[in-house]
Amino acid sequence: MRRLHCHLLLLSLSCYSSLALSWSHNQQFQQAENYEGSSDLVDLQYHMGPVLASPINIYIIWYGNWNPSHQATIRDFLYSFSSSAPFPSVADWWQSVRFYTDQTGSNITGNIALAGEFYDSGYSHGRYLTRLSIQSVIKYAVTSRPRPLPLNSRDGLYLVLTSSDVGVQDFCRAVCGFHYFTFPMIVGVTLPYAWVGYSGTQCPGVCAYPFAWPKYSGKPPPSRDGGNNIMGAPNGDPGVDGMISVIAHELAEVSSNPLVNAWYAGDDPTAPTEIADLCVGVYGSGGGGGFVGEVYKDSWGDGYNVNGVKKRRFLVQWVWNPVKRRCFGPNAMD
């Protein structure tokens, strides 16, 4: 969700809030208060900053050693934002995000494209990244020769995805992903970005829930024929399917609060509660308290709530719908 982190940078102390999807051990089965039902208790306010109203060009930075099948699943999820798929689709899920506007009345865009990819398979900044060094990874991707990513400060959104063998500061312990914006002194310009890590081998029970039990639960690992009641992952891998839900969470929040001065609840911009933070753990009607809610099941019993391209299915967390004033998704029973 949100935490304050400070870094010594060029002999000056720069403190910033990393806006993140975070989990504690107690939240896995006893979620913090959420608002699946309509509520007037949520004081979500607009703070006059920009939202991502222009078409979004997503640039993926694949950091580390990636499984091509995992990459294909993530690509298909991103393609699904602007492509036709059976209802309820990823694009239908994004409609709740699109209700948010800036001070001119412009809505968050529905035009989202995967515009470029960069493969940092040489681990340019090592196998352990701090929050700040992730910005240096972006700098490397936009300056590396011969095929750098474009430095797109107009409508670019940079998505840093780390492989299973890369450690990231606070990953698994406090966060599964976060979003922020780059510092000009590092990257050259201010760019919105998000980071999400692959949790399949490091902490599936933390960041790939509900597709894997937390270690302390005493439950067996997930399998399709293991006889346990863990929810199956719709694309066959708990790590990548859990990662996709985190990506969805971060894309919703970076679009509605890219510079940490737009849509959030609370009086402290260094610790905001954003539109997906309000709905952590809710994937369907009746969700909350460790129950994901009413979701669909395929013939294998794998859970999903939205459809994507190439007959893909995904399970993504709901977000706060400002019109209905509650957590909502297109698979809602009402």
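Given the structure is predicted, the values throughout are model-derived calculations rather than measurements.

What counts and what doesn't
- Residues numbered from 1 in each chain as written.
- Predicted model: local features only at pLDDT ≥ 70, side-chain atom pairs only at ≥ 80, totals over all residues.
- Heavy atoms only, no water.
- Core = buried A, V, L, I, M, F, W, Y, C linked by side-chain atoms within 4.5 Å.
- Buried < 20%, exposed > 50% of the residue type's maximum accessible area, 1.4 Å probe, protein only.
- Helix = DSSP H or I, 4+ residues; strand = E, 2+ residues; numbered from the N terminus.
- Contact = heavy atoms within 4.5 Å.
- Disulfide = S-S within 2.5 Å.

Trainee: For this particular structure, what's the right way to read the nonpolar core?
Mentor: Soluble globular proteins: nonpolar side chains tend toward being buried together. Ile58, Ile74, Phe77, Leu78, Leu161 and Ile247 are the most contacted members of the largest nonpolar core, which has 89 residues in total. A total of nine residues in this core trace back to one element, the largest contributor, which is helix 6 (residues 238-256). Here Ile74 is in contact with Trp62, Trp66, Leu161, Val240, Met243, Ile244 and Ile247, once residues within four sequence places are set aside. In terms of nonpolar packing, the next biggest core, distinct from the first, is built from seven residues, Phe211, Tyr283, Val292 and Val295 among them.

Trainee: Looking at this structure, I do not really get the state of the cysteines. What am I missing?
Mentor: Two cysteines form a disulfide when their sulfur atoms are joined by a covalent bond. Per the counting criterion, the structure on display carries three disulfides. Between Cys172 and Cys203 runs a disulfide, and the two sulfur atoms are separated by 2.0 Å. For the disulfide bridge between Cys172 and Cys203, the dihedral angle about the S-S bond is near -70 degrees, and by the sign convention the bridge is left-handed. Taken as a pair, Cys172 in the loop between strand 8 (167-168) and strand 9 (177-181) and Cys203 in the loop between strand 10 (192-197) and helix 5 (204-207) lie far apart in primary sequence, 31 residues in all. Look at Cys172 and you get buried, because its relative accessible area is 16%. A relative accessible area of 6% places Cys203 in the buried class. Cys176 shares a disulfide with Cys207; S-S distance 2.1 Å. Sign of the S-S torsion, about -85 degrees for the bond between Cys176 and Cys207, identifies this disulfide as left-handed. On the criterion of sequence distance, the pair formed by Cys176 in the loop between strand 8 and strand 9 and Cys207 in helix 5 is long-range, its members being 31 residues apart.

Nothing here speaks to function; it is all geometry.
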